[in-house]
Amino acid sequence: MSRINEEVVLNYYLNLMEDDQVEFMKGKPHVKKEVRNCINQLKQEEQIHNRIGVAKELWKILFEAAMSFIHPDKSGYDELFDYFDKFVEFEELIFATDSFYRDHTLHCLWVYFLGEYIYNKDEFYKIVRKDRDETNHFLHLLGYLMKDEEIIKKVGKEGKETFEALEKYMSMEQAVHCITALTHDLGYPIKKINRINSSIGKILPNFSIKSFSEFDFKYNNEQVQFIKTFIDFIGDDIHTSLNFTDEDGGRIRYDVNPDMDDTEAIFLAKKELLKGDSLKHLVIKHSLKQIPAQRLRYSCDFESYQHGIMSAYLLMTTLRTFKTMNFIHDKDDQIIIDMNHYANLASKQDILKAISDHTSDGFRIQDLSHVSQFLTFIDELEEFSRISRGNQYRQYINEFCQTDLYIKDDIFHIDFIFDNEEIVGLDPERAFKGKCKRLLSLFDIPQLSEDLKIHYRVLGRLKKDQKIYELIIKNKFAKIIIDGEEQAIPQYLNSRDFLTSEEYALLREDEQIMH
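Residues numbered from 1 in each chain as written. Predicted model: local features only at pLDDT ≥ 70, side-chain atom pairs only at ≥ 80, totals over all residues. Heavy atoms only, no water.

*Asks:* So what's going on with the packing of aromatic side chains? Which residues, and what values?
*Replies:* Scanning the model with the defined rule gives 27 aromatic pairs in all. Ring centres of Phe 226 and Tyr 313 lie 6.1 Å apart, and the angle between their planes is 65 degrees; on these two criteria the pair is classed as edge-to-face. One end of the pair, Phe 226, is in helix 13 (residues 221–235); the other, Tyr 313, is in helix 16 (residues 307–318), with 87 residues separating them in the sequence. Note on Phe 226: relative accessible area 30%, which makes it partly exposed. With a centroid separation of 5.5 Å and 75 degrees between ring planes, the pair formed by Phe 416 and Tyr 456 is classed as edge-to-face. Here Phe 416 is found in strand 10 (residues 411–418), whereas its partner Tyr 456 is found in strand 11 (residues 454–460), with 40 residues between them in sequence. Pair check on accessibility: Phe 416 and Tyr 456 agree, each one buried. An aromatic cluster is defined as three or more aromatic residues linked by ring pairs; in this entry it consists of Trp 59, Phe 63, Tyr 77, Phe 81, Tyr 83, Phe 84 and Phe 87. (Phe/Tyr/Trp six-rings, centres within 6.5 Å; stacked < 30°, edge-to-face > 60°. Helix = DSSP H or I, 4+ residues; strand = E, 2+ residues; numbered from the N terminus. Buried < 20%, exposed > 50% of the residue type's maximum accessible area, 1.4 Å probe, protein only.)

Structure below.
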């Protein structure tokens, strides 16, 4: 077992930096020094107010280093950082209006550091990275081809530039993880407007004010087109095709098939590349492919002001780098991505999608092969250091529960240990039920990867509650167990949105379950 806490993930990150394993900090000793100083302050500081101050500074340093690595245009950083300061101030107000409010200022940093810990530890490779490496056929294929000297000799200048662009995109993965973690909750204040309206509405009648207008907002007509463009962009997927010129001058097209076996994909591509001695060049074409279901999902999220997509929208409207996308329309009016801009454009789309997906009602996790799944999963794991009003008695809690994360028998074990007797009203079962509803809704159980198996437990270590609460999730399998006794899932969660264990076992892969 591995007890995970602030010190563990911070020390691990410091080691990554010292070993030059953080790609977007390579060659930047001054940035490393600033980050190291902030982390050491964060480790030593005990007062919440001072910790928040350090966190704000660290957030800005990390954001600037990671985002400028993806694209050097920093226009809008001052405006975004000013918003972040206001976000922190607003969060202090929300603490006073919501009895069970959870911190987001420090949380976003812990999501980043915990994510780097999980992603880089060999222990978690099969669960976290194996699916990503094996299902991302295009990058897997290109990674293979780039090492083949026989191929390199034949593809020419254009092919080499293509490979370099793909290498650049792959090098941006850590920076993408950083930005998604830091910014995924920036739209959270929008979610709390109704709570503030409700609190005000309870106060004003005492002053004989019977009629008042609640705070409200809406977008004007001039903004509608920008919003549509934003939703269209994150609702599209990047489609990839490979084109070769053979010895007779003919064009051979090879579409990367995401369902194709790795070995088969590599074999077919190499066979075409080495077909003739006079192979002239290789062109890899990227285009935006419309996915109507995704566009509809994101439109619904925007209409309901889900804070994930509102966070993404904030980045899109604030930073110029997100507003200067480079596209080309070909003769068929298909939107083509210029290879020179592929790396930063694809990375920016990854960021906007992941941030939006983490609160999207229709988003499901089948594996952890994309940054969206990874961010959302880590966001659910981060419970070890959430400052909160954990009950209704104005009591601020620094450590809601302790956390163990470990792999055993190829299963990802998540243990949340509730053992703090000083917290009044701490309820392990309430926390367990809430997480069960979230995880059962989040994981696409009918089509879950065979490698992704989750065993989530809440361990009561309190005088009033010493039970063991368990949720087991894997492909076509879900069970809730309390002290060894299996529970009927719909009845236990008091919701008809969920299936019984027997019904989960009977699911076919082509069934689409919407909670």
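So that's the structure; there's more coming.
*Asks:* Describe the packing of helix 17 (residues 342–357) against helix 18 (residues 371–381), and please don't skip the residues or the numbers.
*Replies:* Between two packed helices, what matters for the description is the angle formed by their axes and the separation of those axes. Where helix 17 contacts helix 18, the axes come no closer than 8 Å and their chain directions differ by 40 degrees. Looking at the two axes, helix 17 sits oblique to helix 18. Every pair of crossing elements has a handedness; the one defined by helix 17 and helix 18 is right-handed. Touching Asp 350, Lys 353, Ala 354, Ile 355 and Asp 357 of helix 17 are Val 371, Ser 372, Leu 375 and Thr 376, all from helix 18. A class-by-class count of the residues in the contact of helix 17 with helix 18 yields 4 nonpolar, 2 polar and 3 charged. (Axes fitted to C-alpha atoms, helices over the stretch in contact; angles between N-to-C directions. Parallel < 35°, antiparallel > 145°, perpendicular 65-115°, else oblique. Left-handed = near helix turned anticlockwise from the far one by under 90°. Contact = heavy atoms within 4.5 Å. Nonpolar A, V, L, I, M, F, W, Y, C, P; charged D, E, K, R; others polar.)

*Asks:* Let's hear about the side chain of Asp 465: which residues, and what values?
*Replies:* For Asp 465, the location among the structural elements is in the loop between strand 11 and strand 12 (468–474). Here Asp 465 occupies a buried position and makes no salt bridge, while the nearest side chain of opposite charge, Lys 467, is found at 6.0 Å. Of note is the side chain of Asp 465, whose polar atom sits 3.0 Å from the backbone nitrogen of Lys 467. With sequence-adjacent residues up to four places away left out, Asp 465 is seen in contact with Pro 428, Glu 429 and Gly 460. (Lys, Arg positive; Asp, Glu negative; His and termini not counted. Salt bridge = Lys/Arg side-chain N within 4 Å of Asp/Glu carboxyl O. Polar contact = N/O pair within 3.5 Å; in protein donor to acceptor, adjacent residues only side chain to side chain.)

*Asks:* Now, about the environment of His 104: what can you tell me, with residues and values included?
*Replies:* Among the secondary structure elements, His 104 is positioned in the loop between helix 4 (77–97) and helix 5 (105–120). Sequence spacing of His 104 and Asp 185 is 81 residues, and the spatial spacing of their C-alpha atoms is 6.9 Å.

*Asks:* Which residues make up the pairing of strand 13 (residues 477–482), and what values do they have?
*Replies:* For strand 12 and strand 13, the ladder comprises 6 bridges, and the chain directions are antiparallel. Following the sheet pairing, Ile 472 is matched in strand 13 by Lys 479. Connecting strand 12 to the next strand, strand 13, in antiparallel fashion are 2 residues, including Lys 476 with a positive phi near 55 degrees. Where strand 13 and strand 14 (residues 485–487) come together, 3 bridges link them in antiparallel fashion. (Pairing = 2+ DSSP bridges.)

*Asks:* Please set out the nonpolar core residue by residue, giving values where relevant.
*Replies:* If you look at the biggest cluster of nonpolar residues, it comprises 130 residues, and the most contacted ones within it are Tyr 13, Leu 62 and Phe 113. In terms of residue count, helix 3 (residues 48–70) provides more of this core than any other element does, 12 residues in total. Beyond its immediate chain neighbours, meaning those up to four positions away, Leu 62 contacts Tyr 13, Phe 24, Met 25, Val 35, Leu 109, Tyr 112, Phe 113, Cys 178 and Leu 182. (Core = buried A, V, L, I, M, F, W, Y, C linked by side-chain atoms within 4.5 Å.)

*Asks:* Please set out the pattern of salt bridges residue by residue, giving values where relevant.
*Replies:* Applying the stated criterion to the full structure yields 21 salt bridges. A salt bridge links Arg 51 to Glu 6; the shortest N-O distance between them is 2.8 Å. On the criterion of sequence distance, the pair formed by Arg 51 in helix 3 and Glu 6 in helix 1 (residues 6–18) is long-range, its members being 45 residues apart. One salt bridge connects Lys 26 with Glu 23, and the closest N-O pair in it is separated by 3.2 Å. For Glu 23, a relative accessible area of 26% gives the class partly exposed.

*Asks:* Any chance you could break down helix 17 for me, citing the residues and the numbers?
*Replies:* Spanning 16 residues, helix 17 covers 22 Å between terminal C-alpha atoms, matching the ideal 22 Å at 1.5 Å per step. The element helix 17 is largely enclosed, with a buried count of 16 among its 16 residues. (Expected span 1.5 Å × (residues − 1).)

*Asks:* Pulling in residues and values, what's your account of unusual backbone geometry?
*Replies:* Its identity as a non-glycine residue notwithstanding, Asp 20 has a phi of 60 degrees, on the positive side. By the secondary structure assignment, Asp 20 is in the loop between helix 1 and helix 2 (29–44). Residue class for Asp 20 comes out partly exposed when judged on its relative accessible area of 31%. Backbone geometry at Asp 409 places phi at a positive 55 degrees, although glycine is not the residue there. Tracing the chain through its elements places Asp 409 in the loop between strand 9 (402–408) and strand 10. On the basis of relative accessibility, which here comes to 66%, the residue Asp 409 falls in the exposed class.

*Asks:* Tell me about the environment of Cys 436, residues and numbers included.
*Replies:* Examined against the element boundaries, Cys 436 turns out to sit in helix 19 (residues 428–442). For Cys 436, a relative accessible area of 0% corresponds to the buried category. Excluding its chain neighbours within four sequence positions, the residues that come into contact with Cys 436 are Leu 471, Ile 480 and Leu 493.

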